[in-house]
Amino acid sequence: MTRKSVQGGYCDWPDSFGCALTKLECDDPANFRSSRQMQDGPVMAHGGSCRWQEEIKQTVLGQCSSNKDGALTKQCATDVGACPPDNEWKGPKPECTVATTSFGRCDYGMCAWSHNQCTEDNTWAPFDEGCTCDKVQVGGCSRLDTDGEKVLYCAVSEDACDDEQTWIKAQEVKTAVGFDCFLCREESPAAATNTASSNIVIAAPTESASNISAAGTTTIIIASSILGSLIVLLIVGLVMWRVFRTKRAVKRAAEWRGKEEEAPPATAIEVNNFGNSDGEYGQDSADNMDNASILSDDK
């Protein structure tokens, strides 16, 4: 890890201020709790959210004002030390926050919280638009833990340290603990990509594009009309074929009934009785059989 960012402190009850970056922001500096003292606190209640980046960015700062040659200018700044000599310090202003402030730059290039944090103060360029909060390098409050290891919490000034901590300048932090301290976290590549994407402007279609679009629409309409006509013709043809088929079936049925009516009646077949016409069918034969039986018995 090469960098860390500031976590806020808290002005405890009965103070009315709430989250604070230094004890000077509290009604009573004795009520200030450093970011180290807030580590074991709740996430939300009793100032737990003061450690979050969103709270840091929403911290209200002050304002420098200048009325040079009748032209009134106002610029956000951290304290009176960040204002140019000919500016007047106006104190905290709600419109001036950490996220919206352009901080100053030391003559050797480092963006700083205040002019007095520059090691070489020959020049100081206030209100540098390139010095956003994620570019502002800060110091830290250091303390040895139970194992004798140095633990450092990034802070904007020595007024953010508690009684058990010592202040380390911004230029000395990396040598002491192996990382640099900054006021805000560095913007992630994903967030930068999303921001760039949100700024993309879709150009209005050119005349050529409009003509192409109109031609395409006309082609679609013509194709739809042709397809609709083909479907209608197909339906009409199918209906006509069904009607023709029905008429043909009716005609065949009528022709078949006509043939049945013209057919000759069935011929009556007369069956003649065998034997004597005066007697009943088979009577003479029966008598002859009886006679034959009698003759056979005599023998």
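The structure this text deals with has already been given above.
First, a word on what this report is: a plain description of the structure on this page.

The rules behind each value
Throughout this document, residue positions are counted from 1 along each chain, in the order its sequence is written. At least 70 in pLDDT is required for a residue's local features to be given in this predicted model, at least 80 for side-chain atom pairs to be given and counted, and no such filter applies to totals for whole chains, interfaces and linings, which use all residues. The basis for every side-chain value is the complete set of non-hydrogen atoms in the structure, without hydrogens or water. Strands pair, by our definition, only if DSSP identifies at least two bridges between them. Segments assigned H or I by DSSP are reported as helices when at least four residues long, segments assigned E as strands when at least two residues long, and all are numbered from the N terminus. Relative accessibility decides the category of a residue: with a 1.4 Å probe and only protein chains considered, values under 20% of the type maximum give buried, values over 50% give exposed, and everything between is partly exposed. What makes a nonpolar core is a set of buried Ala, Val, Leu, Ile, Met, Phe, Trp, Tyr and Cys residues whose side-chain atoms join them at distances within 4.5 Å. Note on contacts: a residue pair qualifies if any of its non-hydrogen atoms lie within 4.5 Å across the two residues.

## Some details on the pairing of strand 5 (residues 60–68)
Bridge count between strand 5 and strand 7 (residues 88–97): four bridges; the pairing is antiparallel. Among the inter-strand pairings, V60 is bridged to a residue of strand 7, identified as T97. Bridge analysis of strand 5 against strand 6 (residues 71–77) gives seven bridges, and the strand direction is antiparallel. Note that in strand 6 the partner of S66 across the bridge is T73. Linking two consecutive strands that pair antiparallel, namely strand 5 and strand 6, is a turn of two residues; a positive phi of about 55° is found at D69 within it.

## Details of the environment of K68
Following the sequence through the fold, K68 ends up in strand 5. Relative accessible area serves as the criterion here: at 55%, K68 is assigned to the exposed category. Separated by 18 residues in the primary sequence, K68 and D86 place their C-alpha atoms 8.4 Å from one another.

## A short note on the nonpolar core
The biggest cluster of nonpolar side chains holds 21 residues, and the ones touching the most others in it are V6, V98, F103, W113, V138 and L183. Where this core is concerned, the elements lending two or more residues are strand 11 (136–144) and strand 12 (150–155). Setting aside residues no more than four positions away along its own chain, V6 makes contact with L21, Q53, I56, V138, C154, A155, V156, F182 and L183.

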